[in-house]
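# A structural walkthrough
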Amino acid sequence: DVQVAALTTTAAPSAVPMIAGNGQVPNYRAIVQQFGPAVVGITVAGTQKPEGGGNGRGLPPGMEDDPFFQFFKGIPGYGQGGPRGEAPSQPFRGQGSGFIISADGLILTNAHVVRDAKEVKVKLSDRSEYSAKVLGSDTATDIAVLRVESKEKLPWVAPGGSSDLLVGEPVIAIGNPFGLSSTVTTGVISA
């Protein structure tokens, strides 16, 4: 999940050049040093039941609407529900990335990361951990907002506007995929 694509700086604009206007490669190391501390790893735990109380086939939530589901129809044992066609609730654990958007602990992540979560933990790059509360989520845009309580101000970034970006501009993504801490990848805006 790409969480940090366009950010504005909370420091003086000249502190870290996001994009070199002279055609040179951006200073990725400086960008990671400045914005990396605001990127968090998120772990969740809970139980999942098929949407609508049971889809009668024991499929993971939303799978029956997946266009690729048709390729799995008819495979023995796949998508078979429990008694009366209802799939039982299943415990799950998951993980994802997010970033802190305010010093008082608001965090932006993907809605699918925290969907059906009963327990949400957030880990910062300094290895400090917090319990988080899901304040809200929107599945249509796949965005969720969390809150953690901290006695100290947390590192944060302000989301940038996509209207400020142009095709071909370099971008950097800092995240925590598969539980790996603070991974970095670069690319360009393709569309």
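A few points on the structure. Every value quoted in this text rests on a predicted model; they were computed, and no experiment measured them. Within each chain, residue numbers correspond to sequence positions counted from 1 in written order. Totals for whole chains, interfaces and linings use every residue, but because this is a predicted model, local features are given only for residues with pLDDT of at least 70 and side-chain atom pairs only at 80 or more, for both listing and counting. Note: side-chain values were computed over all heavy atoms of the structure, leaving out hydrogens and water.

A separate point is unusual backbone geometry. In this structure, Asp116 is a non-glycine residue whose phi angle is positive, near 65°. With respect to the secondary-structure elements, Asp116 resides in the loop between helix 2 (111–114) and strand 5 (117–123). Although it is not a glycine, Asp142 adopts a positive phi angle of roughly 60°. Inspection of the secondary structure puts Asp142 in the loop between strand 6 (129–138) and strand 7 (143–148). What makes Asp142 partly exposed here is its relative accessible area of 22%. Each helix is a run of DSSP H or I of at least 4 residues and each strand a run of E of at least 2, with the numbering of both proceeding from the N terminus. Only protein chains enter the calculation, and the probe is 1.4 Å; a residue is then buried if its accessible area is under 20% of its type maximum, exposed if over 50%, and partly exposed in between.

Next up on the list: the environment of Asn176. Within the secondary structure, Asn176 is located in the loop between strand 9 (170–175) and strand 10 (183–188). Residue classification places Asn176 among the buried residues on the basis of a relative accessible area of 9%. Separated by 53 residues in the primary sequence, Asn176 and Lys123 place their C-alpha atoms 9.9 Å from one another. A polar atom in the side chain of Asn176 sits 2.9 Å from the backbone oxygen of Val40. Here a polar contact is recorded for every N or O atom pair within 3.5 Å, except that within protein the pair must consist of a potential hydrogen donor and a potential acceptor, and residues adjacent in sequence are included only if both atoms are side-chain atoms. In terms of polar contacts, Asn176 uses its side chain to reach the backbone amide nitrogen of Ser182, at 2.9 Å.

This part covers the sheet that holds strand 6. Strands in a sheet are paired, the pairing made by backbone hydrogen bonds, and the direction either parallel or antiparallel. When DSSP locates at least two bridges between a pair of strands, those strands are taken to pair. Read once around its circumference, the closed barrel built from 6 strands follows the order 2-3-4-7-6-5, with strand pairing classed as antiparallel. On average, each strand axis in the sheet is tilted by 40° relative to the strand beside it, whichever way the strands run. Pairing of strand 6 with strand 7 involves 6 bridges; the strand directions are antiparallel. By the bridge assignment for strand 7, Lys133 is matched with Arg147. Axis lines are fitted through C-alpha atoms, for helices just across the contact stretch, and the angle between N-to-C directions can take any value from 0 to 180 degrees.

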